[in-house]
Amino acid sequence: MRITFGDERSLEVNRPVRALSGMLESQSIPGLREMVPTYASLTVLYDPDAVAFQELKSRLEEMAETAMSRKDEENAGRLLRIPVCYQGPYAPDMEYICDYTGLSPREVISLHTQEAYFVFQLGFTPGCPFIGPLQEQLHVPLMQSPRTHTPKGAVAISVGQTVIYPRATPGGMRIVGSTPVQLFQLEHSDLTLFKPGDRVRFAAVDLAEYRDIEARAVKLYDGVEILGHD
Amino acid sequence: MTEGVAFIRVLQPGAQSSVQDLGRPGYQSLGIAEAGGMDCYSLVQANRLLGNPDNAAALEMTLVGPRLRFQRDGSFALAGADLSARLGGEPLAPGRAYRAAAGQVLKFGPRRNGMRAYLAVPGGMDTPLVLGSRSTYIYAGFGGPAGRSLQKDDLLQCLSDPESVRATSDVPADLLLPLDGPRVLRVVIGPQEERFTSQGIATFLSSTFKVTTESNRMGYRLDGPRIEHSDGPIVVSEATPLGAVQVPGQGRPVLLLRERGTTGGYTKIACIISADIDKVGQAPPGFEISFQAVELDQAHQAERQRWLALDAWLPPIK
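Caption draft 1: Structural detail: the sheet that holds strand 5 (residues 74-82) of chain B. All names here are of chain B. Taken in spatial order, the five strands of this open sheet run 2-3-10-5-8, and their pairing is antiparallel. The outermost strands of the open sheet, each flanked by one partner alone, are strand 2 (17-20) and strand 8 (96-100). Direction aside, neighbouring strands of the sheet carry axes that sit 30° apart on average. Bridging between strand 2 and strand 3 (residues 58-62) involves four bridges; their strand directions are antiparallel. Note that in strand 3 the partner of Val-19 across the bridge is Leu-59.

As structure tokens, this is what we get:
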């Protein structure tokens, strides 16, 4: 069952998604198996033998009303500082991004590191964050035909969002830089570096710093600064 | 948990043989798909034949089966596809438990029916539990032996003494995987049905599609007539449930399966009902698939019924 609050990637639409997901986490609803919060909707997996669809539907509708009327403050999540190298082989699409947007590499980096973004959802592959909203100036289209190999740690942008690839996979977004930190670790109790609702600030590092962090970033959170609330 | 007993050595791994149980629920919000058997109904049959719990880990073997040598005497069970299994030259049928002697080799040959065969061992395969499941999540690289499908010389252990298994009756014929042929998959329409023209919905429900070679544990790409969108194929990225039928820009359906990306930004015309999802895993490239719309309560009813039918043969072990 899916509860939708809008059809855009914005903090306003996402706020009730998080509020409802928080409310459901704090209550135990029989038959509720799993929740997947995303940009504009919350998907709920349930056991139809434990709770009837109509019953769950009316209950969730009621809670969604409450979630929408809540005015939670924006900065509830953690703020994580993520090092990104925007140079050379780590930024294979920088030239395309500059051509498309008319910005210089310096301006692209300045915009991308300027504000604390928001983690809207995890998806695609284990630990892969969807981060935004991205400034209008940085909106670039997806590739016509996706790469068959996007390297691990690639920080990629497309219309309105930034994604970081936790492992090498195919991908169609434009690679603006790369981070040496780990995004997913089975042995860590958190499993993933990011949680929906976290805030992220990217920090530009040069090639030497990148390699230095890469050499010691073996565990989740290595090389990541948790700044707390901004 | 008991110490595993070395039972089977892998002589040849086959096309894609992996350890699977009923999957790894609970982590989709972190981008972790549930993985698990592509045909859980057959996997459970294999387990029940040995008196295993339904969720015990079994071997899923795809199209080209492996070559396996038994390290000691013991029981095993087969279910699902018929890949011409032979034990020491003797042909074996799916839906039955067998007994192997130490040193005997289990081989597979040409595909005769279905696509994925399941091999259960006493107590289930003893690979490490990862987030509560032994399923191999092949495309993410964890679960199973070392986070991958089988390789030559892997040694598979089972959780119970291989000789300590009670005999059960064979799986009744009407519960076995049906013989090859066109498959009708029941779907619940939505959630983005309004993003298709009425012609588009009609094309989806009245046409026959073909499974392409771009089909794996993540998803199946189908070929067939173009399904017409009314307003483009892009939606704001949202959760992609098991069985979602996604229609990207080229208008052909993509079935999202056990190892799919947990979120996606293409329009979804329908979702395959739980009771029919296992049929997909048994349809090899070239097979014909069509879709039939049902209501949600019919979907729930069908799922209940198929497990009740299995319980009538042999109830689950608690």
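Caption draft 2: Structural detail: the interface of chain B and chain A. Residue-level contacts link 28 residues of chain B with 33 residues of chain A. In total, chain B and chain A occlude about 2300 Å² of area from one another, counting both sides; carbon and sulfur atoms represent 62% of this. When the area that chain B buries against chain A is broken down by residue, the three leading residues are Ser-29, Leu-30 and Val-236 of chain B, summing to 25%. The tally of links from chain B across to chain A stands at two salt bridges. Across the pair Arg-2 of chain A and Glu-238 of chain B runs a salt bridge, and its minimum N-O distance is 2.6 Å. Our count for the contact surface shared by chain B and chain A stands at 11 residue pairs in polar contact (both at pLDDT 80 or more).

Caption draft 3: Examining the environment of Leu-296 of chain B more closely. Here Leu-296 of chain B shows up in helix 4 (residues 296-313). In this structure Leu-296 of chain B touches Tyr-46 and Phe-53 of chain A together with Val-188 of chain B, once residues within four positions along its chain are discounted.

Caption draft 4: Expanded view of the nonpolar core. Membership of the largest hydrophobic core comes to 47 residues, with the highest contact counts inside it found for Ile-82, Val-108, Val-176, Leu-193, Phe-194 and Phe-202 of chain A. Breaking this core down by element, the ones donating at least two residues are strand 4 (79-84), helix 3 (94-101), helix 4 (105-112), strand 5 (117-122), strand 8 (154-158), strand 12 (199-204) and helix 5 (207-216) of chain A. Apart from residues lying up to four places away in sequence, Phe-202 of chain A is in contact with Ile-82, Val-84, Tyr-86, His-112, Thr-113, Tyr-117, Ile-131, Thr-162 and Ile-164 of chain A. Judged by nonpolar contacts, the second largest core, of 41 residues, contains Leu-43, Ala-79, Phe-196 and Phe-287 of chain B.

Caption draft 5: A look at helix 2 (residues 53-69) of chain A. For helix 2 of chain A, which comprises 17 residues, the first-to-last C-alpha distance of 24 Å matches the rise-based estimate of 24 Å (1.5 Å per residue) to within 8%. Turning to helix 2 of chain A, the residues buried within the fold contact strand 1 (2-4), helix 1 (11-26) and strand 3 (41-46) of chain A.

Caption draft 6: View of the packing of aromatic side chains. Summed over the entire model, instances satisfying the criterion amount to 16 aromatic pairs over all chains. A centroid spacing of 5.2 Å and a plane angle of 75° characterise the contact between Tyr-41 of chain B and Trp-307 of chain B, whose relative ring orientation is edge-to-face. Placement of the pair is Tyr-41 of chain B in helix 1 (residues 40-49) and Trp-307 of chain B in helix 4, with a sequence separation of 266 residues. A connected cluster of aromatic rings, assembled from ring pairs, spans Tyr-39, Phe-118, Phe-120 and Phe-130 of chain A. One residue, Arg-9 of chain A, lies across the ring of Tyr-39 of chain A, its end atom 5.5 Å from the ring centre. A cation over an aromatic ring shows up here: Arg-174 of chain A above the ring of Tyr-96 of chain A, its NZ or CZ 3.7 Å from the ring centre.

Caption draft 7: Up close: the pairing of strand 10 (residues 113-120) of chain B. Residue and element names in this part refer to chain B. Counted residue by residue, strand 10 has eight buried out of eight residues, so it is predominantly covered. Sheet topology places strand 3 next to strand 10; four bridges connect them, and they run antiparallel. Among the inter-strand pairings, Thr-62 is bridged to a residue of strand 10, identified as Arg-116. Sheet analysis places strand 5 next to strand 10, joined by five bridges and oriented antiparallel. Counted as the bridge partner of Leu-78 is Leu-119 from strand 10.

Caption draft 8: Spatial organisation of the sheet that holds strand 12 (residues 183-189) of chain B. All names here are of chain B. In space, the seven strands of this closed barrel follow the order 12-19-16-17-14-13-20, with mixed pairing throughout. On average, each strand axis in the sheet is inclined to that of its neighbour by 40°, with strand direction left out of account. As paired elements, strand 16 (residues 244-246) and strand 19 (residues 268-272) share three bridges and run antiparallel to each other. Across the sheet, the residue bridging to Val-245 is Ala-270, located in strand 19.

Caption draft 9: Highlighting the packing of helix 1 of chain B against helix 4 of chain B. All names here are of chain B. Close contact between helix 1 and helix 4 brings their axes to 12 Å; oriented N to C, the two are set at 15°. Of the possible angle classes, the one that applies to helix 1 and helix 4 is roughly parallel. Between helix 1 and helix 4 lies a crossing of right-handed hand. In this structure, helix 1 uses Cys-40, Tyr-41, Val-44, Gln-45, Arg-48 and Leu-49 to contact helix 4, whose residues at the interface are Arg-306, Trp-307, Ala-309, Leu-310, Asp-311 and Trp-313. A breakdown of the residues in the contact of helix 1 with helix 4 according to their chemical character gives eight nonpolar, one polar and three charged.

Caption draft 10: Local environment of the packing of helix 1 of chain A against helix 2 of chain A. Residues and elements named next belong to chain A. At their nearest, the axes of helix 1 and helix 2 sit 8 Å apart, and the two run at 125° to each other. By the angle between their directions, the pair helix 1 and helix 2 is classed as oblique. Considering only the axes of helix 1 and helix 2, their crossing is right-handed. Of the residues in helix 2, those in contact with Pro-16, Ala-19, Leu-20, Met-23 and Leu-24 of helix 1 are Leu-60, Met-63, Ala-64, Thr-66, Ala-67 and Met-68.

What counts and what doesn't
- Residues numbered from 1 in each chain as written.
- Chains lettered and ligands numbered in written order.
- Predicted model: local features only at pLDDT ≥ 70, side-chain atom pairs only at ≥ 80, totals over all residues.
- Heavy atoms only, no water.
- Pairing = 2+ DSSP bridges.
- Helix = DSSP H or I, 4+ residues; strand = E, 2+ residues; numbered from the N terminus.
- Axes fitted to C-alpha atoms, helices over the stretch in contact; angles between N-to-C directions.
- Contact = heavy atoms within 4.5 Å.
- Buried area = accessible area lost by both parts, 1.4 Å probe.
- Salt bridge = Lys/Arg side-chain N within 4 Å of Asp/Glu carboxyl O.
- Polar contact = N/O pair within 3.5 Å; in protein donor to acceptor, adjacent residues only side chain to side chain.
- Core = buried A, V, L, I, M, F, W, Y, C linked by side-chain atoms within 4.5 Å.
- Buried < 20%, exposed > 50% of the residue type's maximum accessible area, 1.4 Å probe, protein only.
- Expected span 1.5 Å × (residues − 1).
- Phe/Tyr/Trp six-rings, centres within 6.5 Å; stacked < 30°, edge-to-face > 60°.
- Lys NZ or Arg CZ within 6 Å of the ring centre and 35° of its normal.
- Parallel < 35°, antiparallel > 145°, perpendicular 65-115°, else oblique.
- Left-handed = near helix turned anticlockwise from the far one by under 90°.
- Nonpolar A, V, L, I, M, F, W, Y, C, P; charged D, E, K, R; others polar.

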